[in-house]
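Here is how the chains run, residue by residue.
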Amino acid sequence: MAQYLLYILGSFAVSMVCGFLAIPMIVRFCKKKNLYDQPGTRKIHKCGVPRLGGTCFLPSMLLAFLIAMLTLNGAVQGNEITISLWSVCFFVSLLLVYAVGLIDDVVGLKPASKFVVQVVAASLLPASGLYINNMYGFLGIYELPYYVGAPLTVFAIVFIDNAMNLIDGIDGLSGGLSLIALGGFLYCFAREGVWTYCILIAGLMGVLVAFLYFNITGGKNNKMKIFMGDSGSLTLGFILGFLLVKFSMDNPLVMPYRRDSLMLSYTLLAIPILDVVRVIIVRTLHRKPIFGADKNHIHHKLMRTGMTQHQALVCILAMAVGYIALNQALFGFFYFSSVVAFDIVVWLAIHFVINHFVSRNGQKVFSSEGGND
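Residues numbered from 1 in each chain as written. Predicted model: local features only at pLDDT ≥ 70, side-chain atom pairs only at ≥ 80, totals over all residues. Heavy atoms only, no water.

Colleague: How should I be thinking about the overall build of the chain in this particular structure?
Modeller: Scanning the chain for helices and strands turns up 13 helices and two strands. Taken against the 2.2 N^0.38 rule, which gives 21 Å for 373 residues, the C-alpha radius of gyration of the chain at 20 Å falls within 12% of a compact globule. Overall, the C-alpha framework of the chain stretches about 65 × 55 × 35 Å when taken along its three principal axes. Taking all 373 residues of the chain together, the buried fraction comes to 53%. (Helix = DSSP H or I, 4+ residues; strand = E, 2+ residues; numbered from the N terminus. Rg over C-alpha atoms; globule rule 2.2 N^0.38 Å. Buried < 20%, exposed > 50% of the residue type's maximum accessible area, 1.4 Å probe, protein only.)

Printed below as a string of structure tokens:
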């Protein structure tokens, strides 16, 4: 285990260095080509900010992963790198999502076009044999046949992909939530001894740390501030959706059966999942387009209470960590369904408190101000 830890740390370090080297160059490129995320009615920022920070996520992660795996392959006798069908499909899918995000950041794409590509990309995974095949007792359901698990997998990945994209509304939020979730998945896969995934995850975490430095602080003299854009948020969302499916799949050839597999995977992504579900319900109740845009995500509401961006960020990240601790404690005494039900009650209570402070601050609880996500 100690030897694998060295390669995990190496992957993290290589990727982080790549991020710190690449992002300033990306910022200068964006300024030269006038590629800015412009202010709008739904935007928090007041001036144009370079938006291609996420373009370095995938290259940095893959470079760090390849260096670590090739070094590991040469250092560990008999350790050969094998490439399965679903591994190929995953990387092809990831490239599709990354490409559509990049195109959208540069020239713009209609939401329907992005959605179609997301569905096609997600569909490649169950087509290769990777799908959610067990619900681990959620709502009394256990094993799932392929014809149910395959479409559920596509839905889950596309949903999480868009959830991470939609919650990317203030500095550090999507990146911070992703970093927490990736850290959780790193622990989960390390617990099962699946070191290849640990190295891959560490590679993504490294470049995220570099990105968050520039995204939150603006770099030296605040001249290197950058957003991740769709190329970043969609890439993060797709990888997190993939990790959820991979860790949740009951496959004794890879990992032993664990009754908490799906619960842990859901818990690591609880905040973006609960946030998007609530927003969809609110839009439906107010007869607003489900796929429209407004200012009713949790970060918008927290800021209407009078919080700054950074205060709202810390608050939401604390919620994410709190849900992880809460669900771990609850799962020792209750079934998965009961844990989710308790999460929903807590989420509603949180919004009840937030709504109270929003109203006391003279703001509207529901805001129909629109714009582009």
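Colleague: Before we go on, may I ask you to explain the pattern of salt bridges in this structure?
Modeller: Note that side chains of opposite charge can pair when their charged atoms are close. Summed over all chains, the structure comprises six salt bridges. Its salt-bridge partner being K114, residue D230 comes within 2.8 Å of it at the nearest N-O pair. With D230 in helix 8 (residues 229-248) and K114 in helix 4 (residues 111-127), this pair connects stretches of sequence that are 116 residues apart. Here the two residues D230 and K114 agree in accessibility, since each one is buried. Counted as one network, the salt bridges with shared partners bring together R191, E192, R258 and D260. (Salt bridge = Lys/Arg side-chain N within 4 Å of Asp/Glu carboxyl O.)

Colleague: Just to check I follow, could you spell out the packing of aromatic side chains for this structure?
Modeller: We describe a pair of aromatic rings using the distance from one ring centre to the other and the angle between the two ring planes. Tallied over the entire structure, the rule returns 17 aromatic pairs. With centroids separated by 5.0 Å and ring planes inclined at 85 degrees, the aromatic side chains of Y131 and Y146 adopt a geometry described as edge-to-face. Highlighted residues: Y131 in the loop between helix 4 and helix 5 (146-166) and Y146 in helix 5, separated in sequence by 15 residues. Overall, Y131 belongs to the buried group, its relative accessible area being 15%. Assessed through its relative accessible area of 42%, Y146 is described here as partly exposed. Through pairs of rings, three or more aromatic residues link up here, namely F90, F91, F189, Y197, F238, F242 and F247. (Phe/Tyr/Trp six-rings, centres within 6.5 Å; stacked < 30°, edge-to-face > 60°.)

Colleague: When you look at the packing of helix 4 against helix 5 in this model, what are you seeing that I'm missing?
Modeller: Each pair of packed helices can be described by the angle between their axes along with the distance between the axes. Where helix 4 meets helix 5, the closest approach of the two axes is 9 Å, and the angle between their N-to-C directions is 135 degrees. Looking at the two axes, helix 4 sits oblique to helix 5. When the axes of helix 4 and helix 5 are compared, the crossing they make is right-handed. Side by side, helix 4 and helix 5 meet where F115, Q118, V119, A122, S123, L125, P126 and A127 of the first sit next to Y146, A150, T153, V154, I157, V158, D161 and N162 of the second. Of the residues assigned to the contact of helix 4 with helix 5, the class counts are 11 nonpolar, four polar and one charged. (Axes fitted to C-alpha atoms, helices over the stretch in contact; angles between N-to-C directions. Parallel < 35°, antiparallel > 145°, perpendicular 65-115°, else oblique. Left-handed = near helix turned anticlockwise from the far one by under 90°. Contact = heavy atoms within 4.5 Å. Nonpolar A, V, L, I, M, F, W, Y, C, P; charged D, E, K, R; others polar.)

Colleague: How should I be thinking about helix 3 (residues 85-106) in this particular structure?
Modeller: The periodicity of an α-helix, 3.6 residues per turn, causes residues three or four positions apart to be oriented the same way. When the terminal C-alpha atoms of helix 3 are compared, their 32 Å separation across 22 residues agrees well with the 32 Å that a helix rising 1.5 Å per residue should span. Those residues of helix 3 that sit buried are W86, S87, C89, F90, S93, L94, V97, Y98, V100, G101, D104 and D105. Taken around the axis of helix 3, the buried residues stretch over an arc of 165 degrees, which confines them to a single face. (Expected span 1.5 Å × (residues − 1). Arc of directions from axis to C-beta.)

Colleague: Mind showing me how you'd approach the environment of L125 here?
Modeller: Within the element layout of this structure, L125 appears in helix 4. Separated by 28 residues in sequence, L125 and T153 have C-alpha atoms that sit 8.3 Å apart. Beyond its immediate sequence surroundings of up to four residues, L125 is in contact with W86, C89, F90, L130, I157, F238 and F242.

Colleague: Can you walk me through helix 1 (residues 2-33) in this structure?
Modeller: If you check helix 1, its first and last C-alpha atoms are 46 Å apart, about what 32 residues at 1.5 Å a residue would give, namely 46 Å. When the local axis directions of helix 1 are compared, the greatest deviation, roughly 25 degrees, occurs at A22, which is followed within four positions by the proline P24. All buried positions along helix 1 are accounted for by Y7, I8, S11, S15, C18, G19, A22, I23, P24, I26, V27 and C30. Taken from the residues just after helix 1, N34 is the one with a positive phi, measuring 60 degrees. (Bend = angle between axes of the 7 residues up to and from the residue.)

Colleague: What is the right way to read a nonpolar patch on the surface from this model?
Modeller: Nonpolar side chains collect at one region of the surface, where V88, V92, L96, F115, V116 and V120 lie side by side and expose about 470 Å² of accessible area between them. Checked against the element boundaries, F115 lands in helix 4. Since its relative accessible area comes to 42%, F115 is described here as partly exposed. (Patch = residues over 30% accessible without salt bridge, like charges linked within 9 Å, V, L, I, M, F, W, Y side chains within 5 Å. Areas by Shrake-Rupley, 256 points an atom, 1.4 Å probe, with all protein chains shown as cover.)

Colleague: Even after reading the chapter, I still don't get the nonpolar core, so can you show me in this structure?
Modeller: Soluble globular proteins tend to bury their nonpolar side chains together. By size, the foremost hydrophobic cluster in this structure holds 109 residues, and its most contacted members are F57, L177, F185, F189, L243 and I271. Looking at this core element by element, the count peaks at 14 residues for helix 7 (residues 195-217). The residues contacting L177, other than those within four sequence positions of it, are M164, I167, G172, I271, P272, I316, L317 and A320. (Core = buried A, V, L, I, M, F, W, Y, C linked by side-chain atoms within 4.5 Å.)

Colleague: For this particular structure, what's the right way to read the side chain of K301?
Modeller: Residue placement: K301 occurs in helix 11 (residues 298-304). Of the side chains with opposite charge, D275 comes closest to the buried, unpaired K301, at an N-O distance of 8.1 Å. Leave out the neighbours within four places in its chain, and K301 touches R278, N296, H351, I354, N355, V358 and V365. (Lys, Arg positive; Asp, Glu negative; His and termini not counted.)

Colleague: For this particular structure, what's the right way to read the packing of helix 9 (residues 261-268) against helix 13 (residues 336-360)?
Modeller: Put simply, helix 9 and helix 13 touch, their axes get as near as 10 Å, and they point 15 degrees apart. Here helix 9 is positioned roughly parallel relative to helix 13, judged by the angle of their axes. Crossing handedness for the pair helix 9 and helix 13: right-handed. Residue-level inspection shows L262, M263 and Y266 of helix 9 in contact with helix 13, the latter providing F336, V340 and D343. Residues belonging to the contact of helix 9 with helix 13 are distributed by class as follows: five nonpolar, no polar and one charged.

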